[in-house]
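Secondary and tertiary structure notes
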Amino acid sequence: TKFNGEVPHDRLLLESLPGVGRKTANVILNTIFNEPAIAVDTHIFRIANRINLAPGDNVLRVEKKLMEVTPKEFLKDAHHLLILLLYYNLLYFYH
């Protein structure tokens, strides 16, 4: 195989794999390799813009802005914390 059965520890190499885009690469880097990376999906993108946390017209701009505005001590967990924030707030508003 391309990487001898190993998961690459590099965003560009990860993105070279079929079906792996930037969001998936960031999830892998953050979850498996404990790197400070924030995966921006549609929900993170929308809420970051809606609450003016990290406004941007595309997911890459929102990701970069989130990386800038997130305090260093939270960068490793920011991806998961944002998902939990959205999950519990959406449950509150829609149930």
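Each remark here, short or long, concerns the structure printed above.
Description of the structure in this document. (Residues numbered from 1 in each chain as written. Predicted model: local features only at pLDDT ≥ 70, side-chain atom pairs only at ≥ 80, totals over all residues. Heavy atoms only, no water.)

**Quick word on the side chain of N26**
If you trace the backbone, N26 turns up in helix α2 (residues 22-31). Exposure remark for N26: the relative accessible area of 1% places this residue in the buried category. Apart from the residues within four sequence positions on either side, N26 is in contact with R11, A37, I38, A39 and E63. (Helix = DSSP H or I, 4+ residues; strand = E, 2+ residues; numbered from the N terminus. Buried < 20%, exposed > 50% of the residue type's maximum accessible area, 1.4 Å probe, protein only. Contact = heavy atoms within 4.5 Å.)

**Observations regarding a nonpolar patch on the surface**
Nonpolar side chains collect at one region of the surface, where F74, L81, L84, Y87 and Y88 lie side by side and expose about 540 Å² of accessible area between them. Looking at where L81 falls in the secondary structure, it is placed in helix α5 (residues 75-94). (Patch = residues over 30% accessible without salt bridge, like charges linked within 9 Å, V, L, I, M, F, W, Y side chains within 5 Å. Areas by Shrake-Rupley, 256 points an atom, 1.4 Å probe, with all protein chains shown as cover. Salt bridge = Lys/Arg side-chain N within 4 Å of Asp/Glu carboxyl O.)

**A closer look at helix α4 (residues 59-69)**
One turn of the α-helix equals 3.6 residues, which is why residues spaced by three or four share an orientation. For α4, the set of buried residues is V62, E63 and L66. Summarising the axial view, the buried residues of α4 lie within an arc of 100 degrees, below the 170-degree limit, and thus occupy one face. (Arc of directions from axis to C-beta.)

**Structural notes on the side chain of N30**
Mapping N30 onto the fold places it in helix α2. Owing to a relative accessible area of 3%, N30 belongs among the buried residues under this scheme.

**Focus on the environment of V27**
Summarising the element assignment, V27 is placed in helix α2. Since its relative accessible area comes to 29%, V27 is described here as partly exposed. Sequence separation between V27 and V40 is 13 residues, and the spatial gap between their C-alpha atoms is 9.4 Å. Contact partners of V27, with chain neighbours within four places excluded, come to I32, A39 and H79.

**Describing the pattern of salt bridges**
Two side chains of opposite charge can pair, provided their charged atoms sit close to one another. Enumeration according to the criterion identifies four salt bridges in this entry. Among the ionic pairs, E68 bridges to K65, the shortest N-O distance being 3.9 Å. A residue pair is termed a helical-turn pair when its members lie 3 or 4 positions apart in one helix, as E68 and K65 do in helix α4 at three residues. Taking the shortest distance from any N to any O, the salt bridge between D77 and K76 comes out at 3.5 Å. Judged by relative accessible area, which is 36%, D77 ranks as partly exposed. Exposure remark for K76: the relative accessible area of 38% places this residue in the partly exposed category.

**Points about helix α3 (residues 42-50)**
Among the residues of α3, the N-terminal cap falls to D41, whose side-chain oxygen and the backbone nitrogen of H43 are separated by 3.1 Å. The first or second residue beyond α3 is N52, which carries a positive phi of 60 degrees. (Polar contact = N/O pair within 3.5 Å; in protein donor to acceptor, adjacent residues only side chain to side chain.)

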